[in-house]
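What follows is each chain in one-letter form.
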Amino acid sequence: MKLGIMLAGRRPEDIAQRLSQAREAGFSLCQLNLMQTGFTRADLIAIAEALYEYGVRPVTIGCYLNPLRPDDTHFMGVCRDDLDTLMHSLEIVGARRVVMFSGSYGESLYDVDERNASEEALAALRSFLSDVVNNTRARNYYLVLEPWRSHVLYTPQRCNALYRSLDPVVQLKVRFVLDGVSFLNHESYPERNARVEAVCRTLGEHTGVVHLRDCVMPPDGEEMMPGPGMGTLDYPAYLQAIFDHTAPDAPAIIRNVPPAEYAAIRDYLLRSSDRWELA
């Protein structure tokens, strides 16, 4: 399984700095998150030149708009116009997996809104995906939906329900982020190891990318999601479940780690398994 690091930036020069830090730590693969609305093909060309200069390849591109409010940039700085620009410029950046949230009716990323659990929300997400696929000229790509415990896709079962309901043409283009931590809450936290293993079994077949991070919740400490192996999960068991159940072509992306710790977390994961590929 290919192993990379999550990087993000608002301008090409920001991204170049992140690429330099990643390369210095020994990474040549990444998920690159675009976090500024209004980027152009010229911006993407500048980013592609920086990728080439630093010898880092994006295996996924994050364009984290809100599918339920596609023209609103409040979530992560981008909107539907930005997604359209990216989808019609995939040959420039070279990544064919585009990651986005499953969406929320809430005003902000972490808001809880009961409407997210409705059939209406699933229908809105389904309509959004169909529209993107029907209006994208590129052939070789995946739209990779990242679930979250308070968004439209808040359980692995709901991910599969959406997948089964898609038109076959759209279904071919849709995958999911496998991240067991994203489904955990205070109620499920005591059973966290069993829960994340079940996520791997349930979503593994339709995984587009794996996100690697850990978790801490009360009573073990203040709620946070640190980098892999830095929380309370049985991380070796979780990694084994990922290897056992995940689609073999899905890359794994380390997240929630500051640049100063890139090299250390890379070495930790390389010691944990001999199944990682760094290029």
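Residues numbered from 1 in each chain as written. Predicted model: local features only at pLDDT ≥ 70, side-chain atom pairs only at ≥ 80, totals over all residues. Heavy atoms only, no water.

Section: the overall build of the protein
Along the protein, the regular secondary structure elements total 10 helices and eight strands. Taking 2.2 N^0.38 as the reference for a compact globule, 279 residues should give roughly 19 Å; the C-alpha atoms of the protein span a radius of gyration of 18 Å, in line with that estimate. Within the protein, contacts between residues separated by at least 24 positions form 78% of all contacts whose residues are at least 6 apart in sequence. On the protein, roughly 12,000 Å² of surface is accessible, and the fraction owed to carbon and sulfur atoms is 48%. When the 28 positive and 37 negative side-chain charges of the protein are each reduced to one mean point, those points stand 5 Å apart. (Helix = DSSP H or I, 4+ residues; strand = E, 2+ residues; numbered from the N terminus. Rg over C-alpha atoms; globule rule 2.2 N^0.38 Å. Contact = heavy atoms within 4.5 Å. Areas by Shrake-Rupley, 256 points an atom, 1.4 Å probe, with all protein chains shown as cover. Lys, Arg positive; Asp, Glu negative; His and termini not counted. Charge placed at Lys NZ, Arg CZ, Asp CG, Glu CD.)

Structural notes on the pattern of salt bridges
In the structure shown here, the tally under the stated rule is 14 salt bridges. Between Glu-277 and Lys-2 there is a salt bridge whose closest N-O contact spans 3.3 Å. Note that Glu-277 is positioned in the segment after helix H10 (262–272) and Lys-2 in the segment before strand E1 (3–9), a separation of 275 residues in sequence. Overall, Lys-2 belongs to the partly exposed group, its relative accessible area being 29%. Linking Arg-80 and Asp-131 is a salt bridge whose minimum nitrogen-to-oxygen distance equals 2.9 Å. Note that Arg-80 is positioned in helix H3 (residues 80–87) and Asp-131 in helix H5 (residues 119–134), a separation of 51 residues in sequence. One salt-bridge network, in which partners are shared between bridges, spans Arg-80, Asp-84 and Asp-131. (Salt bridge = Lys/Arg side-chain N within 4 Å of Asp/Glu carboxyl O. Buried < 20%, exposed > 50% of the residue type's maximum accessible area, 1.4 Å probe, protein only.)

With respect to empty space enclosed by the protein
As enumerated under the stated definition, the model contains one cavity of 30 Å³ or more in all. Of the volumes computed, that of the largest cavity is approximately 40 Å³. Taken together, Asn-66, Arg-69, Asp-72, His-74, Phe-75, Gly-106 and Glu-107 form the lining of the largest cavity. (1 Å grid on protein atoms, 1.4 Å probe; cavity = no way out; pocket = protein on both sides within 12 Å on 5 of 7 lines; lining within 4 Å. Points joined across faces, edges and corners; volume = space filled by probe spheres on them.)

Some details on the packing of helix H1 (residues 12–24) against helix H2 (residues 41–54)
Close contact between H1 and H2 brings their axes to 9 Å; oriented N to C, the two are set at 20°. Taken together, the axes of H1 and H2 are roughly parallel relative to one another. At the point where H1 passes H2, the crossing takes the right-handed sense. Counted together, Pro-12, Ile-15, Ala-16, Leu-19, Ser-20 and Arg-23 of H1 and Asp-43, Ala-46, Ile-47, Ala-50, Leu-51 and Tyr-54 of H2 form the full contact between these two elements. A breakdown of the residues in the contact of H1 with H2 according to their chemical character gives nine nonpolar, one polar and two charged. (Axes fitted to C-alpha atoms, helices over the stretch in contact; angles between N-to-C directions. Parallel < 35°, antiparallel > 145°, perpendicular 65-115°, else oblique. Left-handed = near helix turned anticlockwise from the far one by under 90°. Nonpolar A, V, L, I, M, F, W, Y, C, P; charged D, E, K, R; others polar.)

These figures come from the coordinates and say nothing about function on their own.
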